[in-house]
Number of protein chains: 2
Amino acid sequence: MKLQHLFIQASLSLLILFSGCQFSQEQKTEEINSPSKHYLESWNEGISKSTIQEFVKKTTTVGSPDFVPEKDRIAVFDNDGCLWSEKPFYFQLAYAIDFVKKEAPNHPEWENSPALKSAMEGDINGILAKGEHGIIEVVMASHTGMTAEEFSQNVKDWLATAKHPETGMAYNQMIYQPMVELLSYLRANGYKTFIVSGGGIDFLRVWAEEAYGIPPYQVVGSSIKAKYEEVDGKKAIVKTPELNFIDDKEGKPVGIHQHIGMRPIIAAGNSDGDYQMLEYTTQGSGPRLGILIHHTDSEREFAYDSLSHIGNLKKGLIDGPGLGWVIVDMAKDWSQVYPK
Amino acid sequence: MKLQHLFIQASLSLLILFSGCQFSQEQKTEEINSPSKHYLESWNEGISKSTIQEFVKKTTTVGSPDFVPEKDRIAVFDNDGCLWSEKPFYFQLAYAIDFVKKEAPNHPEWENSPALKSAMEGDINGILAKGEHGIIEVVMASHTGMTAEEFSQNVKDWLATAKHPETGMAYNQMIYQPMVELLSYLRANGYKTFIVSGGGIDFLRVWAEEAYGIPPYQVVGSSIKAKYEEVDGKKAIVKTPELNFIDDKEGKPVGIHQHIGMRPIIAAGNSDGDYQMLEYTTQGSGPRLGILIHHTDSEREFAYDSLSHIGNLKKGLIDGPGLGWVIVDMAKDWSQVYPK
C-alpha cells in the first residue's frame, strides 16, 4: 500500500517533468452519418453509449433547446488510462528507463547515482525506492539537456522499437479503440478534441496525432521550462530541468484556461486526477457531459480501480453518478479494447 | 527619448500581466480561388504582395519542390502594430486606465496610490512617471482579483463603448484590413493562423475571433497565473496578480513551442520584440517566410519606426532584407489601412 502510494506520487512527479514536438496533421473532419463510416462500433449497446449519442445529438441539432454553436464545441480527454493503457506503470516512465539504459555507455558518471544505476538495470523498484528524488533523476537524465527536436526524435525511435513487457505490443498500439472512435465521432459532429494530460506535453505531441488525430497545438499537458538558444549555429528550443506547469488535479482546469481559453462542453478522464477537469466542465451553464473510464477488465486490459480504494479512481466513482457523469465499464461497455 | 524608452519598458511590463476568455468560433475555411472572393485586395501590386503570393503558391502546390503538407502549415502573427494599431499607446493600457476610472468610486483606497490617482484622472504621463511600479499597480487593479469570465465581460463592455482618442473609432475597428485579408488568404490555403503577442492572452481572446477569425485556442500571449477555486458556489478560474509568462522577444519562440509545439512556416511582426519569432521561423529547414510591417504611413496610421532608432523596429530593418524577410511599407503596399 505504501509502495503503491509512493509509486503514484513518484509517477506524478515524473509526469510533471516532460516536454519537444515536431510534426502535426490536420484533424480529419469526417462526414456526419457518412454511410461509409460507422461510429462507436466498438461500444456495446447500453446506457453509456446511448447517453453519449443522445448528448451529441441534442447539442448538434439546430433548434434543439440544448444546441451548442460549433465554435463552443470543445471536448477534452485525459490520456493515461483514458486513451491508452497506463499499467504496469506510466508508459512515459518506461521511455525514461529505456533511454537511460541506451545512453548509459555515454554517461559513466551515471554509475554514481543509485537511481540511474537502477534504471540501467531496469530495476523499477530500485528507482521507486529512492522516492521522488530517484524518479526526478531518471527524468532529468532522459528528458532535458537536449533540443525539442532531439527529444522528439528520441521518442519516435523508442516507439518504433519498444514493446510492452506484458502484452508484447508497441506502446502506441495500446490505445483504446472505442475512445479513438469517440474522438472521431465528436470531430464528425463539429467538436474540437483536445488532450489534457498530467503527462508531458511534448512526449504526447510526438505520437498523439497519428494515434488520435489530435494535432500538437491541441495537446495540453505537464511541462518543463524551455529556452531559446543557439545550438550548432542555429537557434533552437532547448529543454531545461526546471518545472513549468503541473497539469493534474486543480491544474487541469488551469491548463485548460491557459491553453484553450474556454470551458469545455465534454470532459473524459479515468482517475481522481481528472476530477476537477470534469467538475469544471460539467459545472458550466448549458448542456455538459462528464465521462469516467472505469478499469474493470482484468482479461483484456487491467482492472485496478474500485471503491475498495485500490487505484486512482475513488471520489469520481462515489460522486460521478450523482453528478450525471457517465461511468464507462470497460468490461461491459466495450466490445474491443485495442485496435485490431 | 528617455520617456519614450521608459514608456516602452513600462508598457511591456503592463502587457506581461494580462490573462480571461469565454467564446470561440470555428475558423472559416474559405474556398481556394473562390471566384466570389478576392484575397489581398487591399494590397497594392508590388514586391511585398507578389512575394507573399509566390510563397503561398509554392508551399501549397502539390509536386512543387517547396510543397508543405497541410499539417505543417503554421502561420504566426504578432498583434500590436501588426494586426491592429498600437498608438498613442498599447490599447490594452487604455483599457486598464478606463477600468480604473470606472471602478474608482468602489475603491476609495485607490486615492492613496499616486499611480491609480493618475489613472483616475486619465493622466498617462502621471502613471508613466511612476515607472514600472506605477503601470503594474494599474494593471493589478484592472486585471486581477476577478474570474476569467468577469474579466472577459469587462473587456467586451469596454470594446462596445470606448473610442480611440485620436481617430474616434472603436479600438477593435482599428485593425489592419490588409492583414485580415492575409489571414483569410492563408487559411483558404490550408494554413492554421495563430496570434503570438506580447499582449495579454485573455485580453486578446475576447475579441480576436470576431476581428481576425482566430479562435481562443489559437492565441498565444503573455499571461498571469490563474487559480481554480469556488466563487459564489461554483468552481471558476480566478486571475491572480502573479506573472506566469512573458511572450516577448526570446519568449515568443518559447511561447510558440509550449502552445503550438511546432516551428512555424510563416511569421509576421512589426517590432524587434518579434525578431526572435521571425528568426526561429525562418531558420527552420525548407521554405519559410518572415514578414515585418513597417509603420511608414503618418497620414492614414502612424509613422514611428525607422533606422533613426525612434520606435521599436531597428534590428529587423537592418537584418531583415538580408535574411529574405518581406518588409511591408504600409504607405506604399496598402491601398487601405482600416476596414471601410
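Residues numbered from 1 in each chain as written. Chains lettered and ligands numbered in written order. Predicted model: local features only at pLDDT ≥ 70, side-chain atom pairs only at ≥ 80, totals over all residues. Heavy atoms only, no water.

(A) Looking closely at the overall build of chain A. Helix and strand content of chain A: 13 helices and eight strands. In chain A, which comprises 340 residues, the proportion classed as buried is 63%. Accessible area of chain A: about 12,900 Å², with a carbon and sulfur share of 53%. (Helix = DSSP H or I, 4+ residues; strand = E, 2+ residues; numbered from the N terminus. Buried < 20%, exposed > 50% of the residue type's maximum accessible area, 1.4 Å probe, protein only. Areas by Shrake-Rupley, 256 points an atom, 1.4 Å probe, with all protein chains shown as cover.)

(B) Fine view of the nonpolar core. Counting residues in hydrophobic clusters, the biggest one holds 76 residues, and the most contacted among them are A:Met179, A:Leu182, A:Trp207, A:Tyr212 and A:Ile291. If we skip the residues at most four places from it in the chain, A:Ile291 touches A:Ile52, A:Leu182, A:Ile266, A:Ala267, A:Ala268, A:Gly269, A:Leu278, A:Val326 and A:Val328. If you look at the next biggest cluster of nonpolar residues, it comprises 75 residues, including B:Val68, B:Met179, B:Ile195 and B:Ala268. (Core = buried A, V, L, I, M, F, W, Y, C linked by side-chain atoms within 4.5 Å. Contact = heavy atoms within 4.5 Å.)

(C) Representation of the domain arrangement of chain A. All names here are of chain A. Under the domain assignment used here, chain A contains domain 1 (37–87 + 171–333) and domain 2 (91–161). The straight-line distance from the C-alpha centre of domain 1 to that of domain 2 is 27 Å. The interface of domain 1 with domain 2 comprises 21 residues on the first partner and 17 residues on the second. When the two sides are added together, the surface that domain 1 and domain 2 hide from each other amounts to roughly 1,600 Å², 76% of it contributed by carbon and sulfur. Its largest share of buried area at the contact with domain 2, domain 1 owes to Tyr171, Phe203 and Lys239, together 43% of the area lost on that side. One can count zero salt bridges joining domain 1 with domain 2. Our count for the contact surface shared by domain 1 and domain 2 stands at four residue pairs in polar contact (both at pLDDT 80 or more). Within the residue set of the side of domain 1 that touches domain 2, elements represented by two or more residues are strand S3 (192–200), helix H9 (201–212), strand S4 (219–231) and strand S5 (234–245). Here the element with the most residues in the side of domain 1 that touches domain 2 is S5; it accounts for six residues. The class makeup of the residues in the side of domain 1 that touches domain 2 is twelve nonpolar, five polar and four charged. (Domains from an automatic or database assignment. Buried area = accessible area lost by both parts, 1.4 Å probe. Salt bridge = Lys/Arg side-chain N within 4 Å of Asp/Glu carboxyl O. Polar contact = N/O pair within 3.5 Å; in protein donor to acceptor, adjacent residues only side chain to side chain. Nonpolar A, V, L, I, M, F, W, Y, C, P; charged D, E, K, R; others polar.)

(D) A look at the interface of chain B and chain A. Between chain B and chain A, the residue contacts involve 49 residues of the former and 48 residues of the latter. When the two sides are added together, the surface that chain B and chain A hide from each other amounts to roughly 3,800 Å², 50% of it contributed by carbon and sulfur. Area buried by chain B at its contact with chain A is led by B:Tyr217, B:Tyr228 and B:Gln258, which between them contribute 19% of it. Note that A:Lys235 is salt-bridged to B:Glu279, the shortest N-O span being 3.2 Å. Applying the counting criterion to the chain B and chain A interface returns 26 residue pairs in polar contact (both at pLDDT 80 or more). Looking at the side of chain B that touches chain A, the element that brings in the most residues is strand S4 (residues 219–231) of chain B, giving six residues. The residue inventory of the side of chain B that touches chain A, partitioned by class, reads 18 nonpolar, 16 polar and 15 charged.

(E) The sheet that holds strand S3 (residues 192–200) of chain B, seen in detail. Residues and elements named next belong to chain B. Strand order in this open sheet of eight strands is S2-S5-S4-S3-S1-S6-S7-S8, and the pairing throughout is mixed. Across the chains shown, the open sheet's two edge strands, defined by having one partner strand only, are strand S2 (146–147) and strand S8 (326–329). Where strand S1 (residues 74–77) lies against S3, four bridges are found, and the strand directions are parallel. Along S3, the bridge assignment pairs Val76 with Phe194. Most of the contacts of helix H10 (residues 251–259) go to S3, to which it runs at about 130 degrees, and overall it touches S1, S3, S4 and strand S5 (234–245). (Pairing = 2+ DSSP bridges. Axes fitted to C-alpha atoms, helices over the stretch in contact; angles between N-to-C directions.)

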